[in-house]
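Remarks on the overall topology
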Amino acid sequence: MATMNMVKALNSALDVMMERNPDVLTFGEDVGYFGGVFRVTEGLQARHGKQRCFDTPIAEGGIVAAAIGMGAHGLRPVVEIQFADYIYPAFDQIVSEAARLRYRSAGQFSAPITIRSPYGGGIFGGQVHSQSPEGLFTHVAGLKTVVPSNPYDAKGLLISAIEDNDPVIFLEPKRLYNGPFDGHHDRAVRAWAGRPEAEVPEGYYKVPLGKAAIVRPGQAVTMLAYGTMVHVAVAAAEEAGIDAEIIDLRTLIPLDIETIEASVRRTGRCVIVHEATRTSGFGAELIALVQEHCFYHLEAPIERVTGWDTPYPHVFEWEYFPGPARVIEALRRVMGDGR
Amino acid sequence: MTRAGIATPKPVSPALDDIVPPPLTGLRIPEPQARPGTAPDFSGLVLPHAGAARRPAVDDHPGLFRELAYDLIRVLDEDGNAVGPWAPSLDPQLLCAALMDMLVTRAYDHRMYRAQRAGKTSFYMKSTGEEAVSVGAALALTNADMCFPTYRQQGLLISRGYPLVDMMCQIYSNARDPLKGRQMPVMYSSREHGFFSISGNLGTQFSQAVGWGMACAYKRESHIAAAWIGDGATAEGDFHYALTMAAVYHAPVILNVVNNQWAISSFHGIAGGLETTFAARGIGVGLPALRVDGNDLLAVYAATSWAAERARRNLGATLIEMVTYRREGHSTSDDPTRYRPVDEPDVWPLGDPVERLKRHLVRLGIWDDAQHAAATAQAEEQVKAAAKEAEGFGTLGSDQRPSVASMFDDVYEEMPWHLRRQRQELGI
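Time to look at the overall build of chain A. For chain A, the count of helices and strands is twelve helices and 14 strands. Computed over the C-alpha atoms, the radius of gyration of chain A is 19 Å, within 12% of the 20 Å expected from 2.2 N^0.38 for a compact globule of 339 residues. Principal-axis analysis of the C-alpha atoms places the extent of chain A at approximately 60 × 45 × 40 Å. Expressed as a percentage of contacts within chain A between residues at least 6 apart in sequence, the contacts between residues at least 24 apart total 79%. If you sum the accessible surface of chain A, you get close to 11,900 Å²; carbon and sulfur atoms cover 53% of it. Averaging the coordinates of the 31 positive side-chain charges in chain A and doing the same for the 41 negative ones gives two points 2 Å apart.

What follows is the structure, given as structure tokens:
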């Protein structure tokens, strides 16, 4: 075991997999010699060689296309899109190509690729360094979408993603890279060290795709969150003094519906929290599923707390970000307080 | 002023009075030389003599032969002689086999077109007049070289011996369709025959081929990748991603632009074909670039072999523009008489690839009209027999389909719960 922040844990996942499997390689913008703008690939080129960790042209569509061709020819490329906000030039390659290759070729070809990308806000990144586009990918048949919330999961999920034979969109909440963040932006920055999730095995282990984690058991209400919002949800529940059960989804597709269903059937209430914009967001899918699976157990309308349907505004970051105050309001509404 | 020690002339501003304002003609929109109702006109296509283009060594620096991006590599002359430094020495039996592959491709296209018209399938796309582009390439490559084709390289599959019946079952989306009825007609896939799954989106596979080639280099294989794209789709970003990445990583890949003059109703000038050649797009990124008579099977073969050797020797990628002509509509949904002269295909200056190879074989004394007539009849018979067999497994709209349950397979390697549930919802 070693204490790792999320950057180190992700780096360790890549290192372990490159050590274990010569077919694993990683590339992207500034990924090689420099080690990536967030340092996730630091040292990998020196340890595994230039052919296994290298820089690419600024061409996200070309990066993903090359990964598809390599993946189809037996390699396991892990590509980095420097910010999720830059993933759109590769959207056609992801949606029309990687996601459908197995299906349209009736299994002759597949794209076992992992597309990593720092995502989400909370760092004053403005419109082009803050977005949460997971809903664009969960809408596409053939893709898996993963969002870790802590170092231990980040490493175990990334190893699972690399070993998975389907294309995986792996979104890394960049505000969590160096420490947990519960939305209290006015408080001192915290580090991962000292938290149990920061104790990470140095070797190989997996956190399976499609399995959620109950990060806080409770009886009164079920909160569904992923990424940064897991920490916001925990803070909100504690500050509101509500016995909320908090489920960290970890993988959006495939979704762990069993864990969600069992919890909501027990609590009868559900609050969904995500940072992405609201309309057609993944929260809408979660509401629909909870309604389909748990309707007769519900005691209150399902609530969702999300980013607003605006571009991510630089100066209004904290009015945009669905912080603990907004989550507490939703919790109180769903509990019937103040009505 | 100096920069890096090089003196640069001081800029001189012209006096304002010296500037003559240009006439206000508005936005320039390129137009083809002829439209329906006017005489076809290919005077814009410069035709160098066969044999005139020089053949560089495969390890020459691309900067030493840039003129080949603007030239036109031709081997077969008007009389059917193979001339010049690009003339390959090929076993005459292989040439006869290539001619047969072109004849089968043509007969196949004809038959499948009529099958669509007869309501046996939804859609079809012919490659008539462009057969040398794919058959010539197949002759120069091995089956272990992965091809990333467009929807007009069916000749690759035919040359590589993929069964016609399997091709037709895909066209009919029937019970024996190797792709289980999931893809539109002509979007074939056969890993075994080195034929990558056709997407149907334009250009996307050009850059994937570079990735495949990069994997070949990474694994230190001698196999290579080859890709095709239409003149129209060179305007897509994927084309430029492919060129940049192929050049940067010296990917062992052959990048072919099939300039068949028309992208549905848009002539090549709408993709920038009037400004410079499509081959010349390679020069800016430092790739070797060849412009080739795509209706001359020997030239196609020679250029592809040259590029393949370059790639196999780890010298990197080559961009080849195959100049050809789309004789038929874009697809069965298209009517080319609405946007180009009806007789334009008949006056295409590079002629017909089948006739040109035939003339060469006659010239060599190994082929004659009677043999050609017999071979044509044999190709048609072969296609007819295959069609009969394929139709026995069903045509589109018949009850003979892949199982409906299979619709939910292969979305993921393992079916997730939500797809299982949706399959149940459909009642299967």
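What follows concerns the interface of chain B and chain A. Quoted interface sizes are often the accessible area lost when the parts come together. Contacts between the two partners involve 44 residues from chain B, matched on the other side by 50 residues from chain A. Counting each side, the surface lost to burial between chain B and chain A is near 3,800 Å², with a carbon and sulfur contribution of 60%. In terms of surface lost to chain A, no three residues of chain B exceed Y218, Y412 and W417 of chain B, which account for 20% of the buried area on that side. Here chain B is connected to chain A by zero salt bridges. For the side of chain B that touches chain A, the secondary structure elements donating two or more residues are helix 5 (204-218), helix 6 (237-249) and helix 10 (417-425) of chain B. The element contributing the most residues to the side of chain B that touches chain A is helix 5 of chain B, with ten residues. Residues that form the side of chain B that touches chain A fall into these classes: 20 nonpolar, 13 polar and eleven charged.

Our next topic: the pattern of salt bridges. Residues and elements named next belong to chain B. Under the criterion given, the structure shown has 37 salt bridges over all chains. Between D410 and R182 there is a salt bridge; the shortest N-O distance is 2.8 Å. Here D410 is found in the loop between helix 9 (369-392) and helix 10, whereas its partner R182 is found in the loop between helix 4 (164-172) and helix 5, with 228 residues between them in sequence. For D410, a relative accessible area of 19% puts it in the buried group. Its salt-bridge partner being K219, residue E221 comes within 4.0 Å of it at the nearest N-O pair. The exposure class assigned to K219 is partly exposed, which follows from its relative accessible area of 31%.

Moving on, we come to the sheet that holds strand 14 (residues 303-307) of chain A. Residue and element names in this part refer to chain A. Here we have five strands laid out as an open sheet, ordered 9-11-10-13-14, and mixed in their pairing. Each of the sheet's edge strands pairs with one partner strand only, and the pair in question is strand 9 (213-216) and strand 14. Direction aside, neighbouring strands of the sheet carry axes that sit 25 degrees apart on average. In terms of strand pairing, strand 10 (residues 221-225) meets strand 11 (residues 244-248) through five bridges, oriented parallel. Residue pairing in the sheet places V221 in a bridge with A244 of strand 11.

Here the focus is the environment of G200 of chain B. Residues and elements named next belong to chain B. With respect to the helices, strands and loops of the structure, G200 is situated in the loop between helix 4 and helix 5. Measuring from C-alpha to C-alpha, the distance between G200 and M184 comes to 8.3 Å, with 16 residues separating the pair along the chain. Those residues within four positions of G200 in sequence are excluded, and the remaining contacts are M187 and Q205.

Now for the sheet that holds strand 4 (residues 76-80) of chain A. Residue and element names in this part refer to chain A. Read from one edge to the other, the open sheet built from seven strands follows the order 3-2-4-5-7-6-12, with strand pairing classed as mixed. This sheet does not close on itself; its edge strands, each paired only once, are strand 3 (53-55) and strand 12 (251-253). The mean inter-strand angle of the sheet, taken between neighbouring strand axes irrespective of direction, is 20 degrees. In the sheet, strand 4 pairs with strand 5 (residues 114-119) via three bridges, with the strands oriented parallel. By the bridge assignment for strand 5, V78 is matched with T114. Sheet strands in contact with helix 7 (residues 151-163) are strand 2 (24-28), strand 4, strand 5, strand 6 (144-146), strand 7 (168-173) and strand 12, and its direction is about 160 degrees off that of strand 7.

Enumeration over the complete set of coordinates arrives at 28 aromatic pairs over all chains. Each ring, one from F91 of chain A and one from F137 of chain A, has its centre 5.6 Å from the other, and the planes form 65 degrees; the classification is edge-to-face. Of this pair, F91 of chain A sits in helix 4 (residues 91-98) while F137 of chain A sits in helix 6 (residues 134-138); the two residues are 46 residues apart in sequence, bridging distant segments of the chain. Looking at F91 of chain A, the relative accessible area reads 27%, which means it is partly exposed. Under the relative-accessibility criterion, F137 of chain A is labelled buried at 0%. Put simply, the rings of F38, F83, Y86 and Y177 of chain A touch in pairs and so form one group of aromatic residues. The residue whose ring lies beneath R55 of chain B is W86 of chain B, and the NZ or CZ to ring-centre distance is 5.3 Å. Lying over the aromatic face of Y103 of chain A, R182 of chain B brings its terminal NZ or CZ to 4.3 Å of the ring centre.

For the bond running from I253 of chain A to P254 of chain A, omega is -5 degrees, close enough to zero to count as cis. Phi at R250 of chain A takes a positive value of approximately 65 degrees, unusual for a residue other than glycine. Mapped onto the elements of the fold, R250 of chain A is located in the loop between strand 11 and strand 12. Even without a glycine there, the phi angle at V186 of chain B is positive, about 80 degrees.

Quick look at the pairing of strand 13 (residues 270-277) of chain A now. Residue and element names in this part refer to chain A. When you tally the buried positions in strand 13, you get seven out of eight residues, the bulk of the element. In this structure, strand 10 lies alongside strand 13, joined through three bridges in parallel fashion. By the bridge assignment for strand 13, L224 is matched with I272. As judged from the four bridges shared by strand 13 and strand 14, these two strands associate in the parallel manner. What sits directly across from V271, in strand 14, is E303. Running through helix 10 (residues 282-294), the crossover from strand 13 to the neighbouring parallel element strand 14 is right-handed.

Turning our attention to helix 9 of chain B. An α-helical segment advances 3.6 residues per turn. Residues three or four places apart therefore align on the same side. Residues and elements named next belong to chain B. Over its 24 residues, helix 9 runs 35 Å from end to end, which matches the ideal 34 Å to within 8%, given 1.5 Å per residue. Along helix 9, the positions that sit buried rather than exposed are H372, A375, A379, V383, A386, A387 and A390. Of the residues trailing helix 9, G394 is marked for its positive phi of about 110 degrees.

Our next topic: the confidence of the model for chain B. Residue and element names in this part refer to chain B. Averaged over every residue, the pLDDT of chain B is 95; the share at 70 or more is 96%. Across residues 1-5, confidence stays below pLDDT 50; counting only partners more than four residues off in sequence or on other chains, it has four contacts. Among the prediction metrics, the complex's ipTM stands at 0.96, with pTM recorded as 0.95.

Next up on the list: the nonpolar core. Ranked by size, the top nonpolar core spans 86 residues in total, and within it L249 of chain A together with L255 of chain B carry the most contacts. Among the elements that take part in this core, helix 5 of chain B stands out by supplying eight residues, more than any other. Ignoring anything within four residues of it in the chain, the contact list for L249 of chain A reads K211, A212, L224, A225, Y226, L255, I260, F282 and L286 of chain A.

Moving on, we get to the side chain of Q261 of chain B. By the secondary structure assignment, Q261 of chain B is in the loop between strand 5 (253-259) and strand 6 (262-263). Aside from chain neighbours lying at most four places away, what touches Q261 of chain B is D231, S266, F267, H268, V323, T324, Y325 and W348 of chain B.

The next point concerns the packing of helix 1 (residues 92-117) of chain B against helix 8 (residues 353-364) of chain B. Residues and elements named next belong to chain B. Interaxial distance between helix 1 and helix 8 falls to 10 Å at its minimum, and their mutual angle equals 155 degrees. Taken together, the axes of helix 1 and helix 8 lie roughly antiparallel to each other. Once helix 1 is placed against helix 8, the crossing between them reads as left-handed. Touching L95, C96, A98, L99, M102, L103 and R106 of helix 1 are P353, V354, L357, K358, H360, L361 and L364, all from helix 8. Residue composition of the contact of helix 1 with helix 8, grouped by class: eleven nonpolar, one polar and two charged.

What counts and how
Residues numbered from 1 in each chain as written. Chains lettered and ligands numbered in written order. Predicted model: local features only at pLDDT ≥ 70, side-chain atom pairs only at ≥ 80, totals over all residues. Heavy atoms only, no water. Helix = DSSP H or I, 4+ residues; strand = E, 2+ residues; numbered from the N terminus. Rg over C-alpha atoms; globule rule 2.2 N^0.38 Å. Contact = heavy atoms within 4.5 Å. Areas by Shrake-Rupley, 256 points an atom, 1.4 Å probe, with all protein chains shown as cover. Lys, Arg positive; Asp, Glu negative; His and termini not counted. Charge placed at Lys NZ, Arg CZ, Asp CG, Glu CD. Buried area = accessible area lost by both parts, 1.4 Å probe. Salt bridge = Lys/Arg side-chain N within 4 Å of Asp/Glu carboxyl O. Nonpolar A, V, L, I, M, F, W, Y, C, P; charged D, E, K, R; others polar. Buried < 20%, exposed > 50% of the residue type's maximum accessible area, 1.4 Å probe, protein only. Pairing = 2+ DSSP bridges. Axes fitted to C-alpha atoms, helices over the stretch in contact; angles between N-to-C directions. Phe/Tyr/Trp six-rings, centres within 6.5 Å; stacked < 30°, edge-to-face > 60°. Lys NZ or Arg CZ within 6 Å of the ring centre and 35° of its normal. Right-handed = clockwise from strand over helix to strand, strands pointing away. Expected span 1.5 Å × (residues − 1). pLDDT = per-residue confidence, 0-100. Core = buried A, V, L, I, M, F, W, Y, C linked by side-chain atoms within 4.5 Å. Parallel < 35°, antiparallel > 145°, perpendicular 65-115°, else oblique. Left-handed = near helix turned anticlockwise from the far one by under 90°.

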